[in-house]
Structures are given as C-alpha cells and as structure tokens.
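Chains, contacts and geometry: an overview
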Amino acid sequence: MKIMVVGGGGREHAIIRKLKENKEIEVIYALPGNAGMAEDAVLVPEIGAKDIEKQVKFATEKGIDFAVVAPDDPLAMGAVDALNAVGIPCFGPNATAARIESSKVFAKDLMKKYGIPTAKYEVFTESDKALAYLENAPIPTVIKADGLALGKGVIIAMTREDAMTAVKEMMQDKVFGESGSRIVIEEFLEGPEVSVLSFTDGKTVVPMISSMDHKRAHDNDEGLNTGGMGTIAPNPYYTDAVAERCMNEIFLPTIRAMEKEGCPFKGCLYFGLMITGDGPKVIEYNCRFGDPETQVVLPLLRSDLYTIMRATENGTLAETKVEFAKESCCCVIMASKGYPEKYEKGFAIEMEPAVAPYVYVAGVANKDGKLVTNGGRVLGVTATAKTLEEAIATAYDRVKSVHFENAYYRSDIGQKALRANKES
Ligand code: AMP
Ligand code: GLY
C-alpha cells in the first residue's frame, strides 16, 4: 500500500509515525514533509501543501492508494475533492465540509440553527455597523475574522477601545486580508478549555482522548498567542459527565447538522470547547487534527490508525475499533527565541539518538546534510507515562537532550492540569 500525507509539521510527523505501525504500508510520501522526518517518510519537498494540482498528478503517477490531507488550507481549497475526482480515497473533509473551520460565520450559523451551545454572536460586513454595535456591547468581547488567518484572527478585547481598534484593523486596514471583510463579534466566555479531536465518517463520531493546548508564548499563559507551545492528554476538565454532555449536546448534533446541510463531515473534526458555568460550549471547530494536540493524542492510540482513517472514508467507523491507552502524554514545543514575532533561524540541531523516537519535528531544514532550525516552532518533545506527573517530568528530561542555539520553551506545560487533578 502506498500512502501520501499532505503537510510538513509536527502533526504530520506524528501521523506518519503512527501510520507506519501498519505493516501493510510499503511507503509513505510526505508532501512536502520536512527534513526532520526523512527517516519516517519519503520526502517530496518540491510539492507544497497547497500545490493541489501537483498533488493530484503525483498521486496518479505513483499509484497512491490513500491520501491524508492534514492542514486546513488545502482542505479549504478542495484538495480532497480534487484527489477524489481522480479516484483517490482520502482522509479529510471536502471543501464544503471544511467550511466548518474556514468560515467562522458558517460555523456560528450552523450552531445557531441546530441549537448547539456556543457564545452569542453578531455578524458584520460593514465596519461602521460593527463600530456602532460596539458602543453598547458587553465588554470584554471577542472579535473574529471570518476566514482562515493562521490562528491569529481572534482578538479578545478587554476594553471597548481595544474592540474598536480590532474592528478597524480587520475591516478597514485589512490586517488579515480578505479574511477580515466579514467579522463575528461574540460573547466572551470563561472557563477551562478542552480540545477534543474526533474521528467521523459523517454519521458516527468517535471522540479521541481529550487534550489541553497551551497557546500563549510564555509561562503562566502570558505573552502572545501562538500556534501552541505544548499539550497534555487527557485533559482533567473533561470528566465523564462533561464527556457525556458533549456527546449529546455538541458532537452528535454537529455531525447530524452537517449531514442535514448536505455536507457530511469525514475525517478528523476538532472541537475546541470551553467548560463554562453553563455547561460545555463550542469555541471553535477545526476541520483537521490539531497541532500540537496530535502529538499527545496519537501516541496514546492503541488501534491501527490506517484502519480508522479508511473507515472514516468508507463509512464503517461504527464497526471499527478505536482504543486509547489509559495513560498520559505531554508534548513540550521547543521554539526559536522570539516566536511568534521575529526570530533567527539556521542553527544546528543536536539530539541524542535515544530521544529521537519521541521528538516530532516541524520548523527545520537540511543544510549541508545537517538539521538546522527553520521556523518558529522547531520541534515537539513528548513522553507517555502512567501518570501525567511522570509524563511531564520525562518530557522535560528529554528536552535536555535536544540542543540548538536560541531554543525557547515554556517550563510549565501541564502544570495547570496537574493542579486541576489535585483539586478533584
Ligand atoms: P481560536 O483561534 O478560535 O482558537 O481562538 C483562540 C483563543 O481565543 C481560544 O483558544 C480561546 O482561548 C479564546 N477565545 C475564542 N473565543 C472566545 C470566547 N468567545 N470567549 C473567550 N475566549 C475566547
Ligand atoms: N493547536 C490548535 C490548532 O491546531 O488549531
């Protein structure tokens, strides 16, 4: 069997490592992949994640049996539609279903129509109307650009003035380009956040083990928002009672709503949840595996990932085994100092061979046969253990065996979850 995985970050590295456990797979191509995953996949650096035409040509020429499209951009652009059109089965939603992430307005309207709990909201296409609304809106408030904005299109405004500035920047100055020509202004919610990735074939939904992201750049959740500085799984706030409510009030209603709207969702649907005093609510949907959530969820998966992915595509998920270890996992992202703003790159990365199997590589390049830093989030160091405490300690221990100049990482990944464990 020949598989291709579209994407080139730590998430894709984790997917590839897990797929490799299936011995029927002869080869996995990574388009473009990255230099740090050369031992796990055949890299195709000349085909980028958004080069859909080239992906289709490559898949046809190589006789690819199954494609996994991991990042949001190609999904929103219709990579799955294009690959399906030439007869290649895929893991991932088509473009109409991917709107659940690529359009915040689509997602919010879907939730309103089907009574799925989320923050109250208004949609605006004209800046003066948005500004007039803000004159009397409850503060704090949350401003979201409608389209994809590299995870940066969400502004939590603690004052009316900040809210007005955000609207002006998005709608008038177009800081997020066309993504900001339509915006959502929504109610500010409070409570712990939980990420739940799920497998779905459009009818059945199977939640994976829950996780917790750490989005801010610095310890104690200070600093700017990033793509994610570390994760742990499972998330202590996702109790059995919360899980049951989520299934009945959010997961199943969402899958049924997508089917009713004529765009059944297949692949990984990511529920970004907030556990408010009023129950769990949806903060956002993603149409894909999260990064770095995948790096803590897939190491705990005890069933065959390839079999599950096929089942999401051919509608047999209800009969497919999806089991997770009753253990914990922690991932610490090692970033370039200065990320998510300015940072230098090109520094050599050294890693002890014993830790390499636990490292998922993202922002790197090959320079004269050596691995060098080439991005903000460079790699994720993980550990799995019986307890969360042990997983955190081992992950940080392994971090000590990875070296590059200007390395920066948070020192408190998982501490909030440990405190929550102790309180319960
Ligand atoms: P997103 O890019 O949609 O994941 O949003 C980034 C972060 O903003 C989320 O992880 C939340 O921490 C926060 N956020 C988004 N929407 C709200 C909301 N309605 N109330 C409070 N915080 C929010
Ligand atoms: N870690 C959040 C995301 O993948 O969107």
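Residues numbered from 1 in each chain as written. Chains lettered and ligands numbered in written order. Predicted model: local features only at pLDDT ≥ 70, side-chain atom pairs only at ≥ 80, totals over all residues. Heavy atoms only, no water.

**Notes on the side chain of R11**
Mapping R11 onto the fold places it in helix α1 (residues 10-19). Take R11: its relative accessible area is 8%, and that puts it in the buried class. Excluding anything up to four places from it in sequence, R11 contacts A70, P71, R288, F289, G290, D291, T294 and Q295. (Helix = DSSP H or I, 4+ residues; strand = E, 2+ residues; numbered from the N terminus. Buried < 20%, exposed > 50% of the residue type's maximum accessible area, 1.4 Å probe, protein only. Contact = heavy atoms within 4.5 Å.)

**Remarks on the pairing of strand β2 (residues 27-32)**
The buried fraction of β2 is high, at five of six residues. Note: strand β1 (residues 2-7) against β2, six bridges, orientation parallel. Note that in β2 the partner of V6 across the bridge is L31. Taken together, β1, α1 and β2 constitute a β-α-β crossover, and its handedness is right-handed. Note: β2 against strand β3 (residues 42-43), two bridges, orientation parallel. Considered in β3, the bridge of A30 is made with L43. (Pairing = 2+ DSSP bridges. Right-handed = clockwise from strand over helix to strand, strands pointing away.)

**A word on the sheet that holds strand β8 (residues 154-157)**
In space, the four strands of this open sheet follow the order β6-β9-β7-β8, with antiparallel pairing throughout. Two strands bound the open sheet, and with one partner strand each, they are β6 (121-124) and β8. Pairwise comparison of adjacent strand axes, ignoring direction, gives a mean angle of 20° for this sheet. As paired elements, strand β7 (residues 141-145) and β8 share four bridges and run antiparallel to each other. Following the sheet pairing, V142 is matched in β8 by I156. (Axes fitted to C-alpha atoms, helices over the stretch in contact; angles between N-to-C directions.)

**Brief notes about the site of ligand 2**
The local shell around ligand 2 consists of D213, G227, Y270, N286, R288, G290, D291, P292 and E293. Contact distances for ligand 2 include 3.2 Å between an oxygen atom and a side-chain N or O atom of N286. In this structure, an oxygen atom belonging to ligand 2 sits 2.9 Å away from a side-chain N or O atom of R288. Protein contact buries 90% of the 200 Å² of open area that ligand 2 shows by itself. Of the residues contributing to the shell around ligand 2, the split by class is two nonpolar, three polar and four charged. (Near = heavy atom within 4 Å. Polar contact = N/O pair within 3.5 Å; in protein donor to acceptor, adjacent residues only side chain to side chain. Areas by Shrake-Rupley, 256 points an atom, 1.4 Å probe, with all protein chains shown as cover. Nonpolar A, V, L, I, M, F, W, Y, C, P; charged D, E, K, R; others polar.)

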